[in-house]
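So the chains spell out like this:
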Protein chains: 2
Amino acid sequence: MDRLRIALVGCGNVGRAFVRMLEGRRDLIRGTYGADPVITSVVTGHGGVVREDGIDAAALRAEDLDPAIDALSVIDAGAYDVLVELTPTNIRSGQPATDHIRHALSRGRHVVTANKGPVAWFYRELRDLAAEKGVAFLHESAVLSGAPVFNLSRETLIGCRVTAVRGIVNTTTNFVLSQMRDGASLDEALEEGRRQGFVEADPSLDLDGWDAAAKLCVLMNVLMDARITPPDIRRTGIRGVTAEDLAAARRSGGQVRLVCRGRFDEDGTPVGVVEPVVVEPGDVAHITEGTMSFVTLTTDLMGDISIIEHAHEPEIDHPAYGVFCDVLRILRSYR
Amino acid sequence: MDRLRIALVGCGNVGRAFVRMLEGRRDLIRGTYGADPVITSVVTGHGGVVREDGIDAAALRAEDLDPAIDALSVIDAGAYDVLVELTPTNIRSGQPATDHIRHALSRGRHVVTANKGPVAWFYRELRDLAAEKGVAFLHESAVLSGAPVFNLSRETLIGCRVTAVRGIVNTTTNFVLSQMRDGASLDEALEEGRRQGFVEADPSLDLDGWDAAAKLCVLMNVLMDARITPPDIRRTGIRGVTAEDLAAARRSGGQVRLVCRGRFDEDGTPVGVVEPVVVEPGDVAHITEGTMSFVTLTTDLMGDISIIEHAHEPEIDHPAYGVFCDVLRILRSYR
């Protein structure tokens, strides 16, 4: 292989950052892997463009897009080696990303996605389909942006079994709780998050714990081989957390955080909980301020291991890095 | 390959724990990799034993050892695929482990070691020799026991450059500082650490910062591609830390920890510092109590990422796991 043809489906902030990362390191990649990743299709909600000799996706304008080209037409009939799936996807259904991924895997194409929905809802099916077709299904950015959680477990904890997970994985709620503790109202905290560019227009999925619940499913399905979907998670959001709760926790040295926990009960049933809890000093959760996040893996052979992403400010490049890294992993497998 | 023949050189606590881990998972390994790791040679300071059909190393007694068999005779002339090098090694010279590793790599044999000395002093030579011979040189347990630091960087931070490292990597000094802060004298703290089985009879290399300095060199050489050896590290141990220093730090909310930092200065010269510092709340170092340890990697694409090993008590199985995992990594490369 001298080219790795990429179909980029979904090209918002993360997609554009991914393209910049790829373009900026083209020589390095060619030198290391002896092959060029080339974006040969781009599809957005407004149409698509296909160009066998490569697309300068960073310079793409609205008028370059052919509205007759949609995602499935490219995925089902286009010429590409890897689908990079970054569409806005409903985490309550995992769509449309799941269908895109199914179709690409069925054709024997590798898939890299930053979407958590497909992994929260349909992991086992997609994993098995990828294995059957002998291709990769990678999703490092689905939790903790691009910080290595899934690759950590798969590549570096070989022979280790993950028996439980715990973490803070939703940036919006963690930021809001930090701001409210420091005196802001919920609305002021959300406004500040919007100003910094990472809080959604409708933050319900974050505030109600849906995003965290979906990510907890991803962690449990992938790392613990659980069969669990978002409705199974015992989920409490942060709307009920008051300024007084935050102040009381702080007076006793603690912090209120939206913590996820996953384990198996005595019968082997997976149990996932997302809820605001008071965490004490000495806990990694206690120092997880603002836009930081972390996951702790409990393992049979190595005890507890934590990985912290210190996003000092919201970083659009971090999820893009996870996608970039997954694409390089596929390139590396061809060497 | 249906067998991976292991020459185990050095068989103390870590070696025995590694053997138990391997034996307890033989069926799992065979099922996953289609191959059996078999220990065909064991060499200790009192002699060795070679048996082509495999050695039950866990059951080895002193009278099984032939005093005429020494490490280099097995390494230079024995039949094996992987050298597992676990000899007691002087971190001021990196010997005898470095010679053992050199000889094995020169013969085109894979090497797994838990020794930091060879990597602190001779990393580039050994890395290049392994590459020339097309074999693996793995040393995950050299820093942070078996928690993935080197494999994390190599396998999961593809395309990322590590520009600085920081961490707490010496368990003895961290435990001693935690105990002294809680009221123990230095001698009492050391005695308690000996009782728990992880403080050396002569703890000078720990207290004077030598162990931390060697580990910092390992981190910098491997992750940052620095050329640095232990004498280059600006090293201050913890003997000068008084009960009053610890109390004063605590009164202001801080903690005294022996922290390692590695970076490049403006000229590209690697700068490594090991010294006791007062760390503030919110810092990962602040929650690193007792036998915990951590490393933070500063990267170009993913910002800061920390990995924490939460050894709640001294764990001999953790360094053994690092060795076990490295051996599985080699097995996996044959699939």
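Reference entry: report on the structure contained in this document. (Residues numbered from 1 in each chain as written. Chains lettered and ligands numbered in written order. Predicted model: local features only at pLDDT ≥ 70, side-chain atom pairs only at ≥ 80, totals over all residues. Heavy atoms only, no water.)

## Considerations on the nonpolar core
If you look at the biggest cluster of nonpolar residues, it comprises 213 residues, and the most contacted ones within it are F18(A), V84(A), F18(B) and V84(B). In this structure, V84(B) is in contact with I6(B), A7(B), L8(B), V9(B), F18(B), V112(B), V323(B) and V327(B), ignoring residues within four places of it in sequence. Among the nonpolar cores identified, the runner-up in size contains 18 residues, and V279(A), M292(A), V279(B) and A285(B) belong to it. (Core = buried A, V, L, I, M, F, W, Y, C linked by side-chain atoms within 4.5 Å. Buried < 20%, exposed > 50% of the residue type's maximum accessible area, 1.4 Å probe, protein only. Contact = heavy atoms within 4.5 Å.)

## As for the interface of chain B and chain A
For an interface, size is often stated in terms of accessible area lost upon the parts coming together. Counting residues at the interface gives 40 residues for chain B, matched by 40 residues for chain A. Summed over both partners, the interface of chain B with chain A comes to about 3300 Å²; 65% of that surface belongs to carbon and sulfur atoms. One can count two salt bridges joining chain B with chain A. Note that R332(A) is salt-bridged to E155(B), the shortest N-O span being 2.9 Å. On inspection of chain B and its partner chain A, the count reaches 18 residue pairs in polar contact (both at pLDDT 80 or more). (Buried area = accessible area lost by both parts, 1.4 Å probe. Salt bridge = Lys/Arg side-chain N within 4 Å of Asp/Glu carboxyl O. Polar contact = N/O pair within 3.5 Å; in protein donor to acceptor, adjacent residues only side chain to side chain.)

## Points about the packing of aromatic side chains
Residues and elements named next belong to chain A. Under the definition given, this model contains four aromatic pairs over all chains. Residues F175 and F198 carry aromatic rings whose centres are separated by 4.9 Å and whose planes lie at 90° to one another, so their mutual orientation is edge-to-face. In this pair, F175 is assigned in helix α7 (residues 171–181) and F198 in the loop between α8 (186–195) and α9 (204–207), connecting sequence segments 23 residues apart. For the residue pair F175 and F198, the accessibility class agrees, reading buried in each case. Seen from the ring of F122, R102 lies directly overhead, with NZ or CZ sitting 5.0 Å from the centre. Stacked on the ring of Y80, the Lys or Arg R109 has its end atom at 5.5 Å from the ring centre. (Phe/Tyr/Trp six-rings, centres within 6.5 Å; stacked < 30°, edge-to-face > 60°. Helix = DSSP H or I, 4+ residues; strand = E, 2+ residues; numbered from the N terminus. Lys NZ or Arg CZ within 6 Å of the ring centre and 35° of its normal.)

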